[in-house]
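# Remarks on the overall topology
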Amino acid sequence: MIRKTSVAGAAALAALLASAGAMAQGAASAAADTHGTMPPAQQSYQGAPSPLAHEPMHQSTNPKAPAMTEAEFELGRKTYFERCAGCHGVLRKGATGKPLTPDITLAKGTDYLKVFISYGSPAGMPNWLTSGELDEKTVDIMARYIQQEPPQPPEFGLAQMKQTWKVLVPPEKRPTRKMNKFNIDNIFSTTLRDAGEIALIDGDSKQIISVIKTGYAVHISRTSASGRYLFVIGRDAKINMIDMWMEQPETVAEIRVGLEARSVETSKYKGYEDKLAVAGTYWPPQFTIMDGDTLEPKKIVATRGMVVGTQEYHPEPRVASIVASHYKPEFIVNVKETGKTLMVDYSNLDALKMTEIGSAPFLHDGGWDASKRYFMVAANQSNKITVIDAKQGKLAAIVDVGKIPHPGRGANFVHPTFGPVWATGHLGDETISLIGTDPVKHKPYAFKEVAKLTGQGGGSLFLKSHPKSQHLYVDTPLNPDPALSQSVAVYDVKNLDKGFTVLPIAQWAGLGDDGAKRVVQPEFNKAGDEVWFSVWSAKNKQSALVVVDDKTLKLKAVIKDPRLITPTGHFNIFNTQHDIY
């Protein structure tokens with residue numbers, strides 16, 4: 001559809017689950033971007049504490065709900081936003097998890113809910129008590145809390161944004177030429193997740209250039225069309241605009257565009273390079289277009305609306321991935337719960353035009369095919385990949401894939417039989433799906449799942465290749481088996497039938513403590529002859545970056561530094577600028 005618009009014991013557990021099995025698959029199912037019992041690292045990565053846990057909210061008392069003191073309600077609210085909101089939604093109306101509103105939870109009762117919260121379910125609800133994450137008192141509070149009316153966080157509009165907006169170095173006081181000797185194209189922006197920082201690392205020398213304070217848990221780094229500016233956004237919706245031309249790259253502007261967010265991008269169409277920036281938020285559900293030099297907010301667009309297919313209203317459709325079209329002056333904005341892709345024409349913000357393309361609910365992450373015409377976006381809980389034709393402004397295909405696809409940006413390479421393909425791994429199973437992307441020279445295979453590789457296991461977050469590489473790297477950081485979460489699988493794209501080679505990345509890091517050492521996000525350097533990995537452990541444990549020689553698949557370097565606290569995502573400036581993956 002395309003529409004154009006102007007703008008207890010085991011016995012007790014068994015009895016309870018048997019009598020209300022639907023709940024296990026329904027209202028309290030938490031399978032956000034997960035499957036099975038959620039391991040601690042996955043809770044940390046996917047269900048990190050929401051910034052909303054610290055926001056003032058209105059308490060609405062439901063007279064039919066169990067009594068709670070004000071302190072209990074506050075603890076319940078805090079716990080919910082730290083543990084549950086990422087799956088069930090801010091308003092508890094269901095996001096990628098199911099609804100937990102009083103019309104559902106009151107009928108189940110406190111005893112049932114306590115058991116369910118304590119022991120979880122095979123459908124994905126974590127076992128919060130038996131895992132040690134929550135104690136019995138907190139479980140009881142949570143069972144009563146979710147029978148209350150959900151408190152609503154405040155909205156966040158233009159006035160609130162402008163209160164946070166700072167231009168630290170005005171455009172006229174910035175350098176007119178590059179003032180440092182760094183090879184900017186080969187700098188890596190590495191998220192130091194729990195520190196609320198990023199590290200800029202020289203890809204040539206493997207030395208840290210600087211550590212920059214950012215918002216909490218930076219989700220992504222994006223480069224402007226010119227390559228001069230780096231934009232990073234934290235989960236708390238704070239954006240840092242970093243000038244890479246300065247003698248020491250630093251933040252020149254910042255703003256907070258909401259209370260929780262995941263995505264930022266800049267304009268890239270010819271004539272509009274670096275002119276505008278855009279950011280999408282989880283709360284409030286909206287996106288904001290800003291001035292590309294200063295981050296001054298210019299236009300805010302809400303995304304609340306009807307869900308594709310059911311045509312039911314959703315109050316909290318979160319903005320997931322955003323990319324800039326190379327064919328038109330458009331931002332491609334993916335709205336998670338409603339399953340809509342918005343082609344936002346930014347050529348005239350005073351008369352904003354959008355093309356709305358409906359596909360499948362739970363749109364999340366994705367990336368371009370090799371031609372940069374087709375945007376491949378995962379509808380993760382729908383187990384599909386949606387293909388958007390950026391040139392024609394239409395839906396090209398919806399492709400069924402494995403369980404809970406999570407491609408990051410995905411990976412492009414040429415298959416010996418099927419021609420150009422784009423690949424995605426999955427959180428929910430061990431497969432890697434290959435989708436044909438050439439409708440001209442390989443039309444029979446275009447936008448179909450042409451092959452399915454078998455990987456190490458489920459729990460994959462990212463995979464990557466490069467035009468100059470003959471390898472495909474696939475991580476599995478959320479797999480419960482440490483042997484898998486601490487290593488990566490590597491395929492020879494010219495001989496996929498021979499299976500994969502395992503690289504023991506965490507072992508190569510040589511970390512001496514008992515940290516999780518989860519290996520996450522392969523990223524190539526500019527030349528395409530090195531692959532970087534984060535070895536991610538808790539904040540109080542050692543972490544590192546490991547660099548591998550792509551030709552030999554041998555260890556090339558290990559970067560250790562006390563400042564590398566919980567490194568997760570990292571982004572090469574050149575590859576990010578040119579969407580190379």
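Residues numbered from 1 in each chain as written. Predicted model: local features only at pLDDT ≥ 70, side-chain atom pairs only at ≥ 80, totals over all residues. Heavy atoms only, no water.

### Digging into the packing of aromatic side chains
For the record, the criterion: Two rings belonging to Phe, Tyr or Trp (six-membered ring only in the last case) form a pair when the distance between their centres is within 6.5 Å. Interplanar angles under 30 degrees mark stacking, angles over 60 mark edge-to-face geometry, and anything in between is tilted. In this description a helix means any DSSP run of H or I spanning at least four residues, a strand means any run of E spanning at least two, and both kinds are numbered starting from the N terminus. To sort residues, take the accessible area from a 1.4 Å probe on protein chains only and compare it with the maximum for the residue type: under 20% means buried, over 50% means exposed, and anything in between is partly exposed. Only when the NZ atom of a Lys or the CZ atom of an Arg is both within 6 Å of the ring centre and within 35 degrees of the ring normal do we say a charge sits over the ring.
Considering all chains together, one arrives at 14 aromatic pairs under this definition. Taking 5.3 Å as the distance between ring centres and 55° as the angle between the ring planes, the aromatic pair formed by F73 and Y145 counts as tilted. One end of the pair, F73, is in helix α4 (residues 70-83); the other, Y145, is in helix α8 (residues 136-145), with 72 residues separating them in the sequence. Like F73, the residue Y145 is buried in the burial classification. The interplanar angle of 25° and the centroid separation of 5.8 Å between the aromatic rings of Y112 and F116 together place this pair among those described as stacked. Remark: F116 and Y112 occur in helix α7 (residues 110-119); sequence separation between them is four residues, near one turn of the helix. Both residues of the pair, Y112 and F116, count as buried. One aromatic cluster in this structure is built from F73, Y80, F81 and Y145. Taking NZ or CZ as reference, R318 lies 4.5 Å from the ring centre of Y282, over its face. The cationic tip of K526 hangs over the ring face of F574; the distance from NZ or CZ to the ring centre is 4.8 Å.

### Some details on the nonpolar core
Generally speaking, nonpolar side chains in soluble globular proteins are found buried as a group. Spelled out, the test is: Put simply, buried Ala, Val, Leu, Ile, Met, Phe, Trp, Tyr and Cys residues joined by side-chain atoms within 4.5 Å make one nonpolar core. Contact criterion: two residues are considered in contact whenever any of their non-hydrogen atoms come within 4.5 Å of each other.
Y80, F231, I239, V257, M290 and L295 are the most contacted members of the largest nonpolar core, which has 47 residues in total. Every element with two or more residues in this core is listed here: α4, α7, α8, β7 (229-233), β8 (238-243), β9 (250-256), β10 (260-266) and β11 (276-283). The greatest single-element share of this core, amounting to five residues, is contributed by α8. In contact with Y80, not counting residues within four places along its chain, are A85, H88, G89, V90, R92, L100, M142 and Y145.

### With respect to the environment of S226
Secondary-structure assignment places S226 in the loop between β6 (220-223) and β7. S226 gets classed as partly exposed once you look at its relative accessible area, which sits at 44%. Sequence-wise, S226 and H578 are 352 residues apart; in three dimensions their C-alpha atoms are separated by 9.8 Å. With sequence-adjacent residues up to four places away left out, S226 is seen in contact with D274 and Q577.

### Concerning the confidence of the model for the protein chain
The following threshold applies: The predictor reports its confidence for every residue as pLDDT, a score running from 0 up to 100.
Chain-level pLDDT for the protein chain is 90 on average; 89% of the residues reach the 70-or-more range. Between residues 1-45, whose pLDDT stays under 50, and residues either more than four places distant or in other chains, the model counts 118 contacts.

### Thoughts on the packing of α7 against α8
Each pair of packed helices can be summarised by the angle the axes make with each other and by the distance between the axes. Rule in force here: Every angle, taken between N-to-C directions, lies between 0 and 180 degrees, and every axis is a line fitted to C-alpha atoms, over only the stretch in contact when it is a helix. Roughly parallel means an angle under 35 degrees; roughly antiparallel means over 145; roughly perpendicular covers 65 to 115; every other angle is labelled oblique. Crossing chirality is assigned from the near helix's rotation relative to the far helix, an anticlockwise turn below a right angle marking it left-handed and a clockwise turn marking it right-handed. Charged residues are taken to be Asp, Glu, Lys and Arg, nonpolar residues to be Ala, Val, Leu, Ile, Met, Phe, Trp, Tyr, Cys and Pro, and polar residues to be all remaining types, Gly included.
At a closest axis distance of 8 Å, the pairing of α7 and α8 adopts a crossing angle of 125°. As the angle between them shows, α7 and α8 are arranged oblique. Note that α7 runs across α8; the crossing there is right-handed. Residues T110, L113, K114, I117 and S118 of α7 pack against V139, D140, M142, A143 and R144 of α8. Within the contact of α7 with α8, the residues separate by chemical class into five nonpolar, two polar and three charged.

### Focus on the sheet that holds β10
Our working definition: Strands are treated as partners if at least two bridges between them are detected by DSSP.
Judged by pairing direction, the sheet is antiparallel, and its four strands sit side by side in the order β10-β11-β12-β13 without closing on themselves. At either end of the open sheet lies a strand with only one pairing partner, and these are β10 and β13 (297-302). Each strand axis lies, on average, 20° off the axis of its neighbour in the sheet, ignoring direction. As paired elements, strand β12 (residues 286-291) and β13 share five bridges and run antiparallel to each other. For I289, the partnering residue across the bridge sits in β13 and is K299.

### Let's talk about the side chain of D202
Applicable threshold: The charge count treats Lys and Arg as positive and Asp and Glu as negative. His and the chain ends do not count. For salt bridges, the criterion is a side-chain nitrogen of Lys or Arg within 4 Å of an Asp or Glu carboxyl oxygen. Here a polar contact is recorded for every N or O atom pair within 3.5 Å, except that within protein the pair must consist of a potential hydrogen donor and a potential acceptor, and residues adjacent in sequence are included only if both atoms are side-chain atoms.
As for its position among the elements, D202 is in strand β4 (residues 197-202). Of the side chains bearing the opposite charge, K206 lies closest to the buried D202, which forms no salt bridge; the N-O distance is 7.3 Å. A polar atom in the side chain of D202 sits 3.3 Å from the backbone nitrogen of S205. Look past the residues within four positions of D202 in its chain and what remains in contact with it is F182, N186, Q207, I209 and W532.

### Topic: the side chain of S469
Residue position: S469 is located in the loop between β28 (463-464) and β29 (471-475). Side-chain polar atoms of S469 contact the side chain of D550, separated by 3.0 Å. When neighbours within four sequence positions are excluded, S469 is seen to be in contact with F524, G528 and D550.

### Describing the packing of α4 against α8
Contact geometry for α4 and α8: axes closest at 9 Å, N-to-C directions at 90°. As summarised for this structure, α4 and α8 are arranged roughly perpendicular, according to the angle between their axes. On α8, the residues that touch E72, F73, L75, G76, R77, T79 and Y80 of α4 are T138, I141, M142, R144 and Y145. Taken together, the residues of the contact of α4 with α8 sort by class into six nonpolar, three polar and three charged.

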